[in-house]
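Residue-level listing of the chains:
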Amino acid sequence: MSKVYVQKANTAWAVTTASLAANASTVSGSFPTQGFARLTGTLISNASLKAGSGLRISQSGDSGSNWDYYTDFVPSTCSGSAFSIELVGNAAKIEAFSDSGSIGILRTNWILRPV
């Protein structure tokens, strides 16, 4: 059996403890995705995120000048949710949107997986 070498994963965005006011959002900021195939992450919150688009992964083909492609998720409240998305652009950003109530606990961690 051949040896498997563990590669250090690149963290795209990590929030360990945060709160989010009602009808507010938090964003990772733009990060480059060239050389990576997937973006994987987890998210937990103690209150609901915006219906239909509580978590948005946006991708850009022009290094973040325009966000032409996005994928929306609706994470479960009070239980951890995991995500995996194929990277097709050369930059991305992650956004979380609160619903009409404030969020007291928001934790998330996102890892870039190499090609």
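Refer to the structure above for everything that follows.
Each value, and the rule that gives it
Residues numbered from 1 in each chain as written. Predicted model: local features only at pLDDT ≥ 70, side-chain atom pairs only at ≥ 80, totals over all residues. Heavy atoms only, no water. Pairing = 2+ DSSP bridges. Helix = DSSP H or I, 4+ residues; strand = E, 2+ residues; numbered from the N terminus. Axes fitted to C-alpha atoms, helices over the stretch in contact; angles between N-to-C directions. Phe/Tyr/Trp six-rings, centres within 6.5 Å; stacked < 30°, edge-to-face > 60°. Lys NZ or Arg CZ within 6 Å of the ring centre and 35° of its normal.

A. Here's a closer look at the sheet that holds strand 7 (residues 81-86). Spatially, four strands are ordered 1-9-4-7 in an open sheet, and the strand pairing comes out antiparallel. Two strands in the sheet have a free side with no partner beyond their single neighbour: strand 1 (10-15) and strand 7. Taking each pair of neighbouring strands and ignoring which way they run, the sheet shows an average axis angle of 15°. When strand 1 meets strand 9 (residues 106-114), the two strands line up antiparallel, connected through five bridges. Considered in strand 9, the bridge of W13 is made with W110.

B. Representation of the packing of aromatic side chains. For the coordinates displayed, the defined rule picks out two aromatic pairs. Summarising the aromatic geometry, the rings of F73 and F83 are spaced 4.9 Å apart at their centres and angled 55° between planes, so their arrangement reads as tilted. Placement of the pair is F73 in strand 6 (residues 69-73) and F83 in strand 7, with a sequence separation of 10 residues. On the basis of an interplanar angle of 20° and a centroid distance of 5.7 Å, the ring pair of F83 and W110 is categorised as stacked. A residue pair is termed long-range when its members are at least 10 positions apart, and F83 in strand 7 and W110 in strand 9 qualify at 27 residues. By the ring-pair criterion, three or more aromatic residues cluster together here, those being F73, F83 and W110. For K50, the ring lying beneath its charged end belongs to F97, and the centroid distance is 5.9 Å.

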